[in-house]
Amino acid sequence: MTISMDHNLSLLLYLVIALVVLGLATSIRTGFKPGLRNLPGPFLARFSGLYRLSMVYGGQSPVEYRRIHEKYGRIVRVGPSHVSISDPAVIPQIYGIGSNYLKTDFYVVFVPYYKDQPMDSLFSTRDPTYHKNLKRPVAQLFSMTNMKTYEIYADECTKIFIDRMRELAGSPIDFGAWLQWYAFDVIASITFQRRFGFLEQRRDVDHMIGDLDFAFNYAKVIGQFPGLHKYLVGNKTLLNILARLKVGPPDPLKRFLKITEEEIKRYDQEQKGSSGHGRMDFLAQLRAKEAKDGQISHRDMVNHLGNNILAGSDTTAISLRAVFYYLIKTPSAYKTLVSEIDEADKNGQLSVFVTYEECLKLPYLQAVMKEALRMHPGVAFPLERFVPAEGATICGQVIPGGTNVSVNAPVIHMNKDVFGDDADQFRPERWLEASPGELKTMDRNFLAFGYGSRTCIGKNISILEMGKFIPQVLRYLDVQWASSDPEWKTNAAWFWRQTGVIVKFAWRGKEMSD
Ligand code: HEM
């Protein structure tokens, strides 16, 4: 009995030692992989993903990525098979339309389960054919010409917001939270003509925002080791067991899909009772398109609508926070913007609710939005892509096929050759003073909405929301910083969320007509 136990223990020990040796040998072999071994970068980064984890874990990856590029140059090895690039010339090569650099397995952490099967979205898919087929039926719904159909939904939420701020004038409020409630209610309203009720209830209804926070912090960590996902949140069997034991992790993606299913049912019932006529939300337009051009599968319908909520809420909230934060912290820009809005108002160029068309004619406002997104892009992680199988020459280096390469908006947006010596300053004027050539270069290096074939499809919706909301607020309200901390706090977990945006509003005196 004792001999057999000793024997088993020795076997186990040999096995552990063998695994450790194998792991070390693999790490050393990948560390000195031909094609990557001569690239500069932190020494430890080449052996395991732990170095990248250390860069993102504290939520300050923009600072970390800027630091390593300052230290090691425009091409830096940040992992065993991972290369970060800060050279503007490389952007069209990696992301341009027609490029065959595909999204990496990082994106697998964003794939929800639907009816027990993983369901890739327009955003997460790595398959170009699936992407093309999924995008075709919805592209027009995101077009600039279609934006006017969504205006009413944004206006309803803006009215609620401004009325509440009038009531709360003089008291410090968590503006960051309010902007998130606003963005959530607007996108839900645009998507299926129903607000979640954040603005009315003044709270994180059903803990949706908190749960999303959990999901993105999971993505932040596991996204560095995507191979682990299938054993964790990507493992349906494990999730089912945990759910039965009532200890499962929050699953906001599942919740959005459930809400979406309910909304589709509600719409179809309304249509039968014909009370749904006149609806212009995304769902209604998708159903109308279906009637004209042929059926969209129920799965694709759920996929698109659920994805709108996921992709279009946090991003817009973060961008709105950035706009107001930089305006408050830059009084000259605040004053110039308010003058532009007041002048347009006085000249009768603004409707009761500023329209999308009107906001596009306010040049300083457009420059403010772009500059805020340059300083603080909503997505602050590297946009990872795989080098095609045949390999590629990047920044003069031959990089093997399958290498994970990326450019990072917070890094490229600080490039002084592109944005000027004051690139680290919030200065909206740079977008207005630039020559046509300089503007073209700045636009080509503006990555807040991604780039090329996988660029953000919801960009017009976000410009609609922000472009209407900001002038409407500043027309009626003064806003000032009211936190005892001089700065906000930020956490980059794919999205670059901010907290601590505490402000006070004051009513400017003009009455708002209905
Ligand atoms: C200011 C607000 C927004 C920002 C900063 C933003 C940012 C981005 C970025 C950086 C990407 C590219 C990601 C990558 O390459 O991996 C992207 C893609 C995407 N965004 Fe947005 N987004 C915003 C608003 C929206 C809205 C409102 C929607 C939908 C209603 C949306 C839907 C999408 C979708 C579906 C994709 C994937 C597109 C594709 O791969 O074809 N976004 N977004």
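By the naming in an unreviewed UniProt entry, the protein chain goes by Cytochrome P450 and is assigned to Knufia peltigerae. Comment text from UniProt for the protein chain, heading Cofactor (unreviewed entry), reads "heme".

S.K.: Can you tell me about the overall build of the protein chain, naming the residues and giving the values?
M.R.: Scanning the protein chain for helices and strands turns up 22 helices and 14 strands. Taken against the 2.2 N^0.38 rule, which gives 24 Å for 514 residues, the C-alpha radius of gyration of the protein chain at 25 Å falls within 12% of a compact globule. The dimensions of the protein chain, computed from C-alpha atoms along their principal axes, are 90 × 60 × 50 Å. For the protein chain, buried positions account for 52% of its 514 residues. Contacts in the protein chain between residues far apart in sequence, at least 24 positions, make up 74% of those at least 6 positions apart. Carbon and sulfur atoms provide 58% of the accessible area of the protein chain, an area that totals close to 23100 Å².

S.K.: Describe the layout of surface pockets, listing the residues and the values that go with them.
M.R.: Once rolled over the atoms, a probe with the size of a water molecule shows which space is left empty. Of the volumes computed, that of the largest pocket is approximately 490 Å³. Taken together, 23 residues line the largest pocket, and the ones lying closest to its centre are Lys370, Phe446, Phe449, Lys459 and Ile463. Among the secondary structure elements, those contributing two or more residues to the lining of the largest pocket are α16 (356-360), α17 (363-375), α20 (429-433), α21 (436-444) and α22 (459-476). Of the residues forming the lining of the largest pocket, the biggest block, six residues, is contributed by α17. Here the lining of the largest pocket is composed, by residue class, of 14 nonpolar, five polar and four charged.

S.K.: Outline the coordination of the iron atom of the ligand, listing residues and values.
M.R.: With respect to protein ligation, the iron atom of the ligand binds only Cys456 (SG), at 2.3 Å. As for its position among the elements, Cys456 is in the loop between α21 and α22.

S.K.: Would you mind going over the sheet that holds strand β3 (residues 102-103) in detail, with residue names and values included?
M.R.: Read across the sheet, five strands follow the order β1-β2-β10-β7-β3 without closing on themselves; strand pairing throughout is mixed. Single-partner strands in this sheet number two, and they are β1 (75-79) and β3. Here four bridges tie strand β2 (residues 82-85) to strand β10 (residues 404-407), and the two strands are oriented parallel to one another. Bridging from a neighbouring strand, Ile85 pairs with Val407 of β10. The strands touched by helix α3 (residues 61-72) are β1 and β2; relative to β1, the strand with the most contacts, the crossing angle is about 130 degrees.

S.K.: An account of the pairing of β10 is requested, with residue identities and associated values reported.
M.R.: Where burial is concerned, the two faces of β10 agree: the one with Asn404 and Ser406 and the one with Val405 and Val407 are both buried. When strand β7 (residues 383-386) meets β10, the two strands line up antiparallel, connected through four bridges. Note on β10: the bridge partner recorded for Glu384 is Ser406.

S.K.: I'd like a rundown of the pairing of β1, residues and numbers included.
M.R.: The buried count for β1 comes to five of five residues, which makes it a mostly enclosed element. Sheet topology note: the β1/β2 ladder contains four bridges and is antiparallel. Of the residues in β2, the one forming a bridge with Gly79 is His82. In this antiparallel pair of consecutive strands, β1 and β2, the connection spans two residues.

S.K.: Kindly report on the nonpolar core, identifying the contributing residues and their values.
M.R.: One finds Phe161 and Ile394 to be the most contacted residues of the largest nonpolar core, which totals 147 residues. Sorting elements by how many residues they give to this core places helix α7 (residues 175-192) first, with 11 residues. The contact partners of Phe161, leaving out residues within four places of it in the chain, are Phe175, Trp178, Tyr182, Leu199, Phe469, Val473 and Phe505. Ala45, Tyr51, Ile68 and Val76 belong to the second-largest nonpolar core, a separate cluster that totals eight residues.

S.K.: I'd love a proper account of the site of the ligand, names of residues and values included.
M.R.: Taken together, 28 residues lie around the ligand, and Tyr107, His131, Arg385, Arg454 and Cys456 are the ones closest in. The separation between an oxygen atom of the ligand and a polar side-chain atom of Arg385 is 2.9 Å. Measuring from an oxygen atom of the ligand, one finds a side-chain N or O atom of Arg454 at 2.7 Å. For the ligand, the cavity whose grid points lie within 2 Å of the majority of its atoms is the largest cavity. Where the shell around the ligand is concerned, the elements lending two or more residues are α13 (298-312), α14 (314-329), β7 and α22. The biggest single contributor to the shell around the ligand is α13, with four residues.

S.K.: Just give me the short version of the packing of helix α9 (residues 208-222) against helix α11 (residues 252-272), but keep the residues and values in it.
M.R.: Interaxial distance between α9 and α11 falls to 9 Å at its minimum, and their mutual angle equals 135 degrees. Taken together, the axis directions place α9 and α11 in an arrangement best described as oblique. Of the residues in α11, those in contact with Met208, Asp211, Leu212 and Ala215 of α9 are Pro252, Arg255, Phe256 and Ile259. In terms of residue class, the contact of α9 with α11 is made up of six nonpolar, no polar and two charged.

S.K.: Account for empty space enclosed by the protein, naming residues and giving values.
M.R.: On inspection of all chains with the given rule, the structure shows six cavities of 30 Å³ or more. Of the volumes computed, that of the largest cavity is approximately 840 Å³. Lining the largest cavity are 44 residues, and of these Phe123, Ala311, Cys456, Ile457 and Gly458 sit closest to its centre. For the lining of the largest cavity, the secondary structure elements donating two or more residues are α5 (128-135), α13, α14, β7 and α22. Ranked by residues supplied to the lining of the largest cavity, first place goes to α13 with six residues. Classifying every residue of the lining of the largest cavity gives 25 nonpolar, 14 polar and five charged.

S.K.: If you had to explain the packing of aromatic side chains to someone new, which residues and values would you point to?
M.R.: Summed over the entire model, instances satisfying the criterion amount to 35 aromatic pairs. Aromatic side chains Tyr326 and Phe426 sit 5.2 Å apart centroid to centroid with 15 degrees between the ring planes, which places their arrangement in the stacked category. Of this pair, Tyr326 sits in helix α14 while Phe426 sits in the loop between α19 (416-419) and α20, and the two are 100 residues apart along the sequence. You'll find Tyr326 and Phe426 in the same group, each marked buried. The ring of Phe419 has Arg374 sitting right over it, with the charged end atom 5.2 Å from the ring centre. It is Lys510 that lies over the ring of Tyr476; its NZ or CZ is 5.8 Å from the centre.

Cut-offs applied
- Residues numbered from 1 in each chain as written.
- Predicted model: local features only at pLDDT ≥ 70, side-chain atom pairs only at ≥ 80, totals over all residues.
- Heavy atoms only, no water.
- UniProt positions renumbered as here; feature names shortened; annotations may be inferred.
- Helix = DSSP H or I, 4+ residues; strand = E, 2+ residues; numbered from the N terminus.
- Rg over C-alpha atoms; globule rule 2.2 N^0.38 Å.
- Buried < 20%, exposed > 50% of the residue type's maximum accessible area, 1.4 Å probe, protein only.
- Contact = heavy atoms within 4.5 Å.
- Areas by Shrake-Rupley, 256 points an atom, 1.4 Å probe, with all protein chains shown as cover.
- 1 Å grid on protein atoms, 1.4 Å probe; cavity = no way out; pocket = protein on both sides within 12 Å on 5 of 7 lines; lining within 4 Å.
- Points joined across faces, edges and corners; volume = space filled by probe spheres on them.
- Nonpolar A, V, L, I, M, F, W, Y, C, P; charged D, E, K, R; others polar.
- Donors = N, O, S within 2.8 Å, 3.2 Å for Na, K, Ca; no water.
- Pairing = 2+ DSSP bridges.
- Axes fitted to C-alpha atoms, helices over the stretch in contact; angles between N-to-C directions.
- Core = buried A, V, L, I, M, F, W, Y, C linked by side-chain atoms within 4.5 Å.
- Near = heavy atom within 4 Å.
- Polar contact = N/O pair within 3.5 Å; in protein donor to acceptor, adjacent residues only side chain to side chain.
- Sits in = over half its atoms within 2 Å of the grid points.
- Parallel < 35°, antiparallel > 145°, perpendicular 65-115°, else oblique.
- Phe/Tyr/Trp six-rings, centres within 6.5 Å; stacked < 30°, edge-to-face > 60°.
- Lys NZ or Arg CZ within 6 Å of the ring centre and 35° of its normal.

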